[in-house]
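Take a look at the letters that make up each chain.
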Amino acid sequence: MSSTPIINVNLTVNGKTYVHKVPASLPLVDFLHEEVGLTGTKFSCGIGVCRACTVAACRVPQAHPVPTLACSTPVSELNGQVITTVEGLAGPSGPSPLQQAFLEEFAFQCGYCTPGFLMATHMLMERLRKEPIPEARLDTAIQDACGSHICRCTGYARYYAAIRKVILGTPGLIAR
């Protein structure tokens, strides 16, 4: 009978450092829910297809964040990394402009996939801050960032409208 090894993990999640002993195979989504108390990252398909569980991960602070599927990524693979979840997008005074745009455009119905869309868009916006693109390429960039995310409630049009709205309204993301 083999048991799962227990490891020490050190993660920075939304700016706060967590050091815990956990099973090496513990999925990041379970770590976020059970060890950190953040439930915004959703477990849906469990195999990384729907992307509802997407978070942003950076090997070092200030590095370009990469999409990480929290349902299928063991926390042991992220040891020492900086993670941003959907809860990390809001500011002290309320929703981020991105979250506000999703609300204003009524981008979601049940909202289960929304954290994944928000995180994918957040990472797109981070890329655009470093390398703005012409407006003519915006729809393609949105499709590349969010096209693999699955929503069973909407036709995606409102998500994409909210994303376009916030990107076009944020100075420096579009090359003019």
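It should be noted that the structure appears before, not after, this text.
Residues numbered from 1 in each chain as written. Predicted model: local features only at pLDDT ≥ 70, side-chain atom pairs only at ≥ 80, totals over all residues. Heavy atoms only, no water.

Trainee: Outline the layout of surface pockets, supporting the account with residue identities and numerical values.
Mentor: As a volume, the largest pocket reaches approximately 240 Å³. Around the largest pocket, the lining is made up of 13 residues, and of these C58, Q62, A63, P65 and E126 lie nearest the centre. Counting only elements with at least two residues in the lining of the largest pocket, the list comes to strand 3 (54-58), strand 5 (82-84) and helix 3 (114-130). The residue makeup of the lining of the largest pocket, split by class, is 8 nonpolar, 3 polar and 2 charged. (1 Å grid on protein atoms, 1.4 Å probe; cavity = no way out; pocket = protein on both sides within 12 Å on 5 of 7 lines; lining within 4 Å. Points joined across faces, edges and corners; volume = space filled by probe spheres on them. Helix = DSSP H or I, 4+ residues; strand = E, 2+ residues; numbered from the N terminus. Nonpolar A, V, L, I, M, F, W, Y, C, P; charged D, E, K, R; others polar.)

Trainee: Break down the environment of L103 for me, citing the residues and quoting the values.
Mentor: Among the secondary structure elements, L103 is positioned in helix 2 (residues 97-104). In this structure L103 comes out as partly exposed when scored by relative accessible area, which is 42%. In the structure, L103 is positioned 56 residues away from Y159 in sequence and 9.8 Å away in space, judged by C-alpha atoms. Those residues in contact with L103 that lie beyond four places of it in its chain are P95 and F108. (Buried < 20%, exposed > 50% of the residue type's maximum accessible area, 1.4 Å probe, protein only. Contact = heavy atoms within 4.5 Å.)

Trainee: How would you sum up the packing of aromatic side chains? Please name residues and give values.
Mentor: Aromatic rings in a pair are described by how distant their centres are and how their planes are angled relative to each other. Throughout the structure, instances matching the rule amount to 3 aromatic pairs. Their ring planes at 50° and their centres at 6.1 Å tell us that F117 and Y156 sit as a pair that is tilted. Pair noted here: F117 is in helix 3 and Y156 is in the loop between helix 4 (138-146) and helix 5 (157-169), with a separation of 39 residues, a long-range link. Using a relative accessible area of 26% as the deciding quantity, one classes Y156 as partly exposed. Measuring from ring centre to ring centre gives 4.0 Å for F117 and Y159, while their planes differ by 10°; the resulting arrangement is stacked. Note that F117 is positioned in helix 3 and Y159 in helix 5, a separation of 42 residues in sequence. Residue classification places Y159 among the buried positions, given a relative accessible area of 0%. (Phe/Tyr/Trp six-rings, centres within 6.5 Å; stacked < 30°, edge-to-face > 60°.)

Trainee: Pulling in residues and values, what's your account of helix 5?
Mentor: An ideal rise of 1.5 Å per residue puts 18 Å on 13 residues; helix 5 measures up with 18 Å between its terminal C-alpha atoms. Among the residues of helix 5, those classed as buried are Y159, Y160, A162, I163, V166 and I167. Along helix 5, the residues classed as buried sweep out an arc of 160° about the axis, all on the same side. Away from its buried face, by an angle of more than 90 degrees, helix 5 presents the exposed residues A157, R158 and G169. (Expected span 1.5 Å × (residues − 1). Arc of directions from axis to C-beta.)

Trainee: Give me the lowdown on the nonpolar core, citing residues and values where you can.
Mentor: Generally speaking, a soluble globular protein has its nonpolar side chains buried in company with each other. F102, F117, L124, I142, C146, Y159 and I167 are the most contacted members of the largest nonpolar core, which totals 31 residues. Sorting the residues of this core by element identifies helix 2, helix 3, helix 4 and helix 5 as the ones contributing at least two each. If one sorts the elements of this core by residue count, helix 3 sits on top with 8 residues. Beyond its immediate stretch of four places on either side in the chain, Y159 contacts F102, A107, F108, C113, T114, F117, C151 and T154. Grouped together as the second largest cluster of nonpolar side chains are 21 residues, V9, V29, F31 and A57 included. (Core = buried A, V, L, I, M, F, W, Y, C linked by side-chain atoms within 4.5 Å.)

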